[in-house]
Amino acid sequence: MAHGIYIHIPYCRGKCVYCDFYSVPSRRGMEAVAEGIAAELRAALATPGLPPVSTVYIGGGTPSVMPPELLATIAREIPADAVEEFTVEANPDDVTPQWTEAMRAMGVNRVSMGVQSLDDAVLRSIGRRHTAAEAVAAVDTLISGGIDNVSCDLIYGLPGQSYEGWERDLRALLELPLAHLSAYCLTWAEGTPLYRMMMAGKAAPADDADLAARYELLERLTAEAGYEHYEISNFARPGRRSRHNSLYWARDGRWIGAGPAAHSYDGTVRRANPCDIAGWLARLPYPGEAEDESALDRINDRVVSALRTAEGLDLEELPPQARRKLLAAAGRFIAAGLMSTSGSRVAIPSAHWFISDSIIRELLIEHL
């Protein structure tokens, strides 16, 4: 059984215009948050019968804005014996030889960097604080410093980003010695500055045909560069899939979430921590509230997560009645070539993942 730890660091130096993850543009109270996360982990890891932890992921927010000594306070609570993959998210301008050395001393062997674009004008327009040159230099710093498992994030459909600009970003990033790439279609999330810009007529989403063309280019160029497209937004060199993120899509994935806004799943119950530092601190060491999720909700969660992956969904995982309903709904997509079957598995080929949401919506089971 795969088991992981996700740690949410709720700090950023500034909020990007598109971001709807919980974070605060401040550095106040970091010591209390680090100590609180450590206390939450101690309590969670004391659970009897807990499987060994195989992956750790420190995300946010921007974990690299937290001083390494505070991150080390958290890391000391993690039983490292069985950890195979230990990831920390970082902004490129935080990556220095000293920071890299500190991360290695903590046990970190993978870094995920939010690059988003390699066009300085686009970066400025979305509130990123690094430059394209700093992003490229950060990759070299990490690898030279002994962390060769480096992942970078890109976003397509950004304001001011042309199709040609997206192609330049992709080609430039694919020339770097990366192990992994994540590429996301921009989401105009309600409540973000970007959403308010759209509502005020100051920015507009790219049309679906343009975004589909960008996705097709992404598929082609990553394949030519030797990457495996293993999940809708994720591409890896052979053997370099994100083990932690794969927990979220696996049938037997389990994880402990620690920190404000973190989520946990023990195979039966999902728990959500408050999206509020003060509220989270007040409820330690057990801040999570169980989410109201029925057996049908769990079935549909499994359908959604599995059909985002190259492996697809093993129908044997579903109860017989749910299996029959899903197959009946999938028939027309299979006939149209939008889904494939192999033994007991059904999948959406990666060429059609761009429209996978519309397919999956039709497959969700309303009742048993």
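As shown above, the structure is provided for reference.
These remarks concern the structure in this document.

**Comments concerning the overall build of the protein chain**
- Along the backbone of the protein chain there are 13 helices and 15 strands.
- Computed over its C-alpha atoms, the radius of gyration of the protein chain comes to 21 Å, within 12% of the 21 Å expected for a compact globule of 368 residues.
- By its C-alpha atoms, the protein chain is 55 × 55 × 45 Å across when sized along the principal axes.
- Buried residues in the protein chain amount to 49% of all 368 residues.
- For the protein chain, the proportion of contacts with a sequence separation of at least 24, taken over those separated by at least 6, is 68%.
- Between the centroid of the 35 positive side chains of the protein chain and the centroid of its 48 negative side chains there is a distance of 2 Å.

**Notes on the sheet that holds strand 14 (residues 340–342)**
- In space, the three strands of this open sheet follow the order 13-15-14, with antiparallel pairing throughout. Of all strands in the sheet, those with a lone pairing partner are strand 13 (313–314) and strand 14, marking the two edges.
- Of the strand pairs in this sheet, strand 14 and strand 15 (residues 345–347) are connected by three bridges, and their pairing is antiparallel. Bridge assignment links Ser340 to a residue of strand 15, and that residue is Ala347.

**What to know about helix 11 (residues 295–306)**
- The end-to-end C-alpha separation of helix 11 is 17 Å, in line with the 16 Å expected for 12 residues at 1.5 Å each.
- Taken together, the buried positions of helix 11 are occupied by Leu296, Ile299, Asn300, Arg302, Val303, Ser305 and Ala306.
- Residues of helix 11 that are buried in the fold lie against helix 9 (243–249), strand 13 and helix 12 (320–335).

**Some points on the nonpolar core**
- By size, the foremost hydrophobic cluster in this structure holds 85 residues, and its most contacted members are Ile7 and Met113.
- Ranked by the residues each element gives to this core, the list is headed by helix 1 (residues 30–45), at six residues.
- Apart from residues no more than four positions distant in its own chain, Met113 is found in contact with Ala90, Pro92, Val95, Ala135, Ala138, Val139, Leu142, Ser151, Cys152 and Asp153.
- If you look at the next biggest cluster of nonpolar residues, it comprises 12 residues, including Val122, Ile126, Leu158 and Trp188.

**Focus: helix 8 (residues 208–224)**
- Given a rise of 1.5 Å per residue, 17 residues ought to cover 24 Å, and the 24 Å separating the end C-alpha atoms of helix 8 matches this to within 8%.
- Those residues of helix 8 lying buried are Leu211, Arg214, Tyr215, Leu217, Leu218, Glu219, Leu221 and Thr222.
- Contact partners of the buried residues in helix 8: strand 5 (149–156), helix 6 (163–174), strand 6 (180–185), strand 7 (228–231) and strand 8 (234–236).
- N-capping of helix 8 is provided by Asp207, with a side-chain oxygen placed 3.2 Å from the backbone N of Ala209.
- Following helix 8 by one or two positions, Gly226 adopts a phi angle in the positive range, close to 90°.

**Regarding unusual backbone geometry**
- In this chain, Leu284 is followed by Pro285 through a cis amide linkage whose omega measures 5°.
- A positive phi angle, close to 70°, is found at Gln116, a residue other than glycine.
- Looking at where Gln116 falls in the secondary structure, it is placed in strand 4 (residues 110–116).
- You can call Gln116 buried: its relative accessible area is 8%.
- The phi dihedral of Ala261 is positive, around 75°, even though this residue is not glycine.
- In this structure, Ala261 sits in the loop between strand 9 (254–258) and strand 10 (263–265).
- Judged by relative accessible area, which is 15%, Ala261 ranks as buried.

**Section: the packing of aromatic side chains**
- Scanning the entire structure with this criterion turns up six aromatic pairs.
- Arranged with centres 4.7 Å apart and planes meeting at 80°, the rings of Tyr248 and Trp255 form a pair that is edge-to-face.
- Residue Trp255 is classed as buried on the basis of its relative accessible area, which comes to 10%.
- The ring of Tyr265 is capped by Arg270, whose NZ or CZ atom sits 4.1 Å from the centre of that ring.

Parameters at a glance
- Residues numbered from 1 in each chain as written.
- Predicted model: local features only at pLDDT ≥ 70, side-chain atom pairs only at ≥ 80, totals over all residues.
- Heavy atoms only, no water.
- Helix = DSSP H or I, 4+ residues; strand = E, 2+ residues; numbered from the N terminus.
- Rg over C-alpha atoms; globule rule 2.2 N^0.38 Å.
- Buried < 20%, exposed > 50% of the residue type's maximum accessible area, 1.4 Å probe, protein only.
- Contact = heavy atoms within 4.5 Å.
- Lys, Arg positive; Asp, Glu negative; His and termini not counted.
- Charge placed at Lys NZ, Arg CZ, Asp CG, Glu CD.
- Pairing = 2+ DSSP bridges.
- Expected span 1.5 Å × (residues − 1).
- Core = buried A, V, L, I, M, F, W, Y, C linked by side-chain atoms within 4.5 Å.
- Polar contact = N/O pair within 3.5 Å; in protein donor to acceptor, adjacent residues only side chain to side chain.
- Phe/Tyr/Trp six-rings, centres within 6.5 Å; stacked < 30°, edge-to-face > 60°.
- Lys NZ or Arg CZ within 6 Å of the ring centre and 35° of its normal.

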